Amino acid sequence: DSGLGNIKASPSDPSRNIDWFLLLLQAAVATIGCFVIYSASRTKQADPFTFVTRQVVFLIAAVIAMVVVMSIDYETLRERSRFFYGITIMMLVLVNVAGTVSGGPRLSFDLGPLRLQPAEFAKATVLLALAAHLAEERSDEVSYPRFLGGLIMVGVPSALIIVQPDLGSASVLVAMAMGVLLVAGAKLKYIALISAMSVATVVAAVISGIVNRYQLRRIEAFFNQDSSDAALRDYIYQPRNAIRAIATGGLTGKGWLQGPLTNAKNDIPVQWADFPFSAVGEQFGLLGCTVVIGLFALMLLRIWRIAHLS
């Protein structure tokens, strides 16, 4: 008994190894997400279904990808992890040379109706390669040489992503790598080391000018949301209104499609992409926010449990 899936089924039944509770949680979050995206974008576009339709299309593609991945033994993925890693590094190098410039950064390849962003693939392939690398350690703890090798594996793509520059994706990749290292048994002092190196890398990127000025402005605005500085006005406007939307939601919210800030055209201009949680807060209040955060917490617990069992 693995403690997961349909434990009453025959051991040869594939459904025995599926965590149905986790799938239910994911379905709930995806459904809530669609309703929130619709409510947050319907007044901002000529067609109110533009962004929710796109979200549903991506969800269908994600389900297909999930089924494909679930049908492949993860040992097979492990055997090909270095190949996937190599392809990812090649794509990250190419995007810095021949990628499409969008608003300053060079993040993606323009393929007509779609834009291919290598940094998003890196979040999966780099972690797969890191997990395969760490799995070769047969002790309960990750040795320093093994940790150092993993650090290099994460550091190379992270540096290429920072150069684009895409500080957000690089930060997410490093944070996810820390999670893999923790599950693998890395010592806390190793985690402290990678944290210090990450901070040093960001500082170096800022000093060298790799990080764009507008990205620094966004960070500055985050910590100075009450500033009257004219240079920060445009950066403060959306997050300030997003916080207002959450604050005015109260305990139970104003109701779906009833939030004044969420339904206004320009109060939170890119709410469906940058601040969807503020739509939850205004429309469903503290109770709605608690439900959403609770669903994510349960998902993380199930994912953590599967990682240990694996």
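Remember, predicted model here, so these are calculated numbers, not experimental data.

A.B. asks: Can you break down the overall build of the protein residue by residue, with the values?
C.D. replies: Broken down by element type, the protein carries 13 helices and 3 strands. Here the C-alpha radius of gyration of the protein, 22 Å, is about what a compact globule of 310 residues would show, namely 19 Å. Its C-alpha atoms give the protein principal-axis dimensions of roughly 55 × 55 × 40 Å. Counting every position in the protein, which comprises 310 residues, the buried fraction comes to 35%. Accessible area of the protein: about 17,700 Å², with a carbon and sulfur share of 67%. Considering the protein, the positive charge centre built from 25 side chains and the negative charge centre built from 21 side chains are found 3 Å apart.

A.B. asks: With reference to specific residues and values, describe unusual backbone geometry.
C.D. replies: Outside of glycine, negative phi angles account for most residues, and trans bonds account for most peptide bonds. Of note in this structure, Leu-257 is not a glycine but carries a positive phi near 70°. When you line up the elements, Leu-257 lands in the loop between helix H10 (233-247) and helix H11 (260-263). Judged by relative accessible area, Leu-257 falls into the partly exposed class, the value being 22%.

A.B. asks: Now, about the packing of helix H6 (residues 144-163) against helix H8 (residues 188-208): what can you tell me, with residues and values included?
C.D. replies: Here H6 crosses H8 at 25°, and the two axes come no closer than 12 Å. Of the possible angle classes, the one that applies to H6 and H8 is roughly parallel. Judged by the twist between their axes, the crossing of H6 over H8 is right-handed. Between H6 and H8, the residues in contact are Tyr-144, Phe-147, Leu-151 and Ile-162 and Tyr-190, Leu-193, Ile-194, Met-197, Thr-201 and Ala-205, respectively. A per-class count over the contact of H6 with H8 returns 9 nonpolar, 1 polar and no charged.

A.B. asks: Break down the nonpolar core for me, with residues and values.
C.D. replies: Formed by 30 residues in total, the largest nonpolar core has its most connected members in Tyr-85, Val-126, Phe-147, Ile-161, Leu-181 and Ile-194. Going through the elements one at a time, helix H4 (81-98), helix H5 (118-135), H6, helix H7 (167-184) and H8 are the ones with two or more residues in this core. The contact partners of Val-126, leaving out residues within four places of it in the chain, are Tyr-85, Met-153, Val-154, Pro-157 and Leu-173. Core analysis: the next-biggest nonpolar cluster, separate from the first, contains 12 residues, Cys-34, Val-36, Phe-51 and Val-52 among them.

A.B. asks: How would you explain the side chain of Ser-39 if you had to name every residue and give the values?
C.D. replies: Tracing the backbone through its elements, the reader meets Ser-39 in helix H1 (residues 20-41). Here Ser-39 falls in the buried class, since its relative accessible area comes to 0%. If sequence neighbours within four positions are ignored, Ser-39 has contacts with Trp-256, Leu-257, Thr-262, Asn-263, Ala-279 and Gln-283.

A.B. asks: Could you give an account of a nonpolar patch on the surface, naming the residues involved and the relevant values?
C.D. replies: Side chains of Tyr-144, Leu-148, Ile-152, Val-156, Leu-193 and Met-197 sit close together on the surface and give an oily, nonpolar patch of about 500 Å² of accessible area. Broken down by secondary-structure element, the contributors of at least two residues to the nonpolar patch are H6 and H8. Among the elements that take part in the nonpolar patch, H6 stands out by supplying 4 residues, more than any other. Of note, Leu-193 is situated in helix H8.

A.B. asks: Let's hear about helix H13 (residues 276-309): which residues, and what values?
C.D. replies: Between the first and last C-alpha of H13 there are merely 33 Å, a value that for 34 residues lags more than 12% behind the 50 Å anticipated at 1.5 Å per step. When the local axis directions of H13 are compared, the greatest deviation, roughly 130°, occurs at Phe-284.

A.B. asks: Let's hear about the pattern of salt bridges: which residues, and what values?
C.D. replies: All chains considered together, the criterion is met by 7 salt bridges. Two residues, Arg-302 and Asp-19, come together in a salt bridge whose shortest N-O distance is 3.0 Å. In this pair, Arg-302 is assigned in helix H13 and Asp-19 in the segment before H1, connecting sequence segments 283 residues apart. Overlapping salt bridges, with partners in common, bring together Arg-82, Glu-136 and Arg-146 in one network.

About the criteria used
Residues numbered from 1 in each chain as written. Predicted model: local features only at pLDDT ≥ 70, side-chain atom pairs only at ≥ 80, totals over all residues. Heavy atoms only, no water. Helix = DSSP H or I, 4+ residues; strand = E, 2+ residues; numbered from the N terminus. Rg over C-alpha atoms; globule rule 2.2 N^0.38 Å. Buried < 20%, exposed > 50% of the residue type's maximum accessible area, 1.4 Å probe, protein only. Areas by Shrake-Rupley, 256 points an atom, 1.4 Å probe, with all protein chains shown as cover. Lys, Arg positive; Asp, Glu negative; His and termini not counted. Charge placed at Lys NZ, Arg CZ, Asp CG, Glu CD. Axes fitted to C-alpha atoms, helices over the stretch in contact; angles between N-to-C directions. Parallel < 35°, antiparallel > 145°, perpendicular 65-115°, else oblique. Left-handed = near helix turned anticlockwise from the far one by under 90°. Contact = heavy atoms within 4.5 Å. Nonpolar A, V, L, I, M, F, W, Y, C, P; charged D, E, K, R; others polar. Core = buried A, V, L, I, M, F, W, Y, C linked by side-chain atoms within 4.5 Å. Patch = residues over 30% accessible without salt bridge, like charges linked within 9 Å, V, L, I, M, F, W, Y side chains within 5 Å. Salt bridge = Lys/Arg side-chain N within 4 Å of Asp/Glu carboxyl O. Expected span 1.5 Å × (residues − 1). Bend = angle between axes of the 7 residues up to and from the residue.

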